[in-house]
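Residue-level listing of the chains:
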Amino acid sequence: MLKDLIFCLQEAALYLIFKKSRTPQDPSECFVNPPCGCANPGQYIQCEDCDYLESCLSDCKLQNIS
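As a starting point, this report considers the structure included with it. (Residues numbered from 1 in each chain as written. Predicted model: local features only at pLDDT ≥ 70, side-chain atom pairs only at ≥ 80, totals over all residues. Heavy atoms only, no water.)

So, the overall build of the protein
(1) Moving on: A count of helical and extended segments in the protein gives two helices and zero strands.
(2) Moving on: For the protein, the residues scored as buried account for 15% of the 66 residues in total.
(3) Moving on: In the protein, of all internal contacts separated by at least 6 residues, the share reaching a separation of at least 24 is 47%.
(4) Moving on: Put simply, the protein shows about 5600 Å² of open surface, and 60% of that area lies on carbon and sulfur atoms. (Helix = DSSP H or I, 4+ residues; strand = E, 2+ residues; numbered from the N terminus. Buried < 20%, exposed > 50% of the residue type's maximum accessible area, 1.4 Å probe, protein only. Contact = heavy atoms within 4.5 Å. Areas by Shrake-Rupley, 256 points an atom, 1.4 Å probe, with all protein chains shown as cover.)

What about the state of the cysteines?
Here a disulfide denotes one covalent bond, and it connects the sulfur atoms of two cysteines.
(1) Moving on: Scanning all chains against the criterion turns up one disulfide.
(2) Moving on: There is a disulfide in this structure between cysteine 30 and cysteine 56, and the S-S distance comes to 2.0 Å. An S-S torsion of about -85 degrees defines the bridge between cysteine 30 and cysteine 56 as left-handed. Taken together, the residues cysteine 30 in the loop between helix H1 (2–22) and helix H2 (51–65) and cysteine 56 in helix H2 connect sequence positions 26 residues apart. Comparing cysteine 30 with cysteine 56 shows no difference in burial state: the two are buried.
(3) Moving on: For the unlinked cysteine cysteine 38, the closest cysteine sulfur is that of cysteine 47, found at 4.3 Å. (Disulfide = S-S within 2.5 Å.)

Let's talk about unusual backbone geometry
Note on backbone geometry: most residues besides glycine have negative phi, and most peptide bonds are trans.
(1) Moving on: In this model, asparagine 33 sits at a positive phi of 50 degrees, which is unusual for a non-glycine residue.
(2) Moving on: Its location among the elements puts asparagine 33 in the loop between H1 and H2.
(3) Moving on: Judged by its relative accessible area of 71%, asparagine 33 falls in the exposed class.

A closer look at a nonpolar patch on the surface
(1) Moving on: A cluster of nonpolar side chains, namely Leu2, Leu5, Ile6 and Leu9, defines an oily patch on the protein surface of about 410 Å² accessible area.
(2) Moving on: As for its placement among the helices and strands, leucine 9 is situated in helix H1. (Patch = residues over 30% accessible without salt bridge, like charges linked within 9 Å, V, L, I, M, F, W, Y side chains within 5 Å. Salt bridge = Lys/Arg side-chain N within 4 Å of Asp/Glu carboxyl O.)

With respect to a negative patch on the surface
(1) Moving on: Together, Glu48, Asp49, Asp51 and Glu54 make up a negatively charged patch on the protein surface.
(2) Moving on: Among the secondary structure elements, aspartate 49 is positioned in the loop between H1 and H2. (Lys, Arg positive; Asp, Glu negative; His and termini not counted. Charge placed at Lys NZ, Arg CZ, Asp CG, Glu CD.)

The values are spatial; any link to function lies outside them.
Encoded structure:
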């Protein structure tokens, strides 16, 4: 049981470390090479439904607030 707890703590720490390192600091970074493969992200109506852009821009906004 103790090994499981240590493993979970290690995984949580790694997740937080890597999430912070790859989170864009500037909203313009969200539009560079998005995983959806869109050539002009944010310029089409279907970009409104893009989960990647929504989460990326939200993360940038939250970082600027804190």
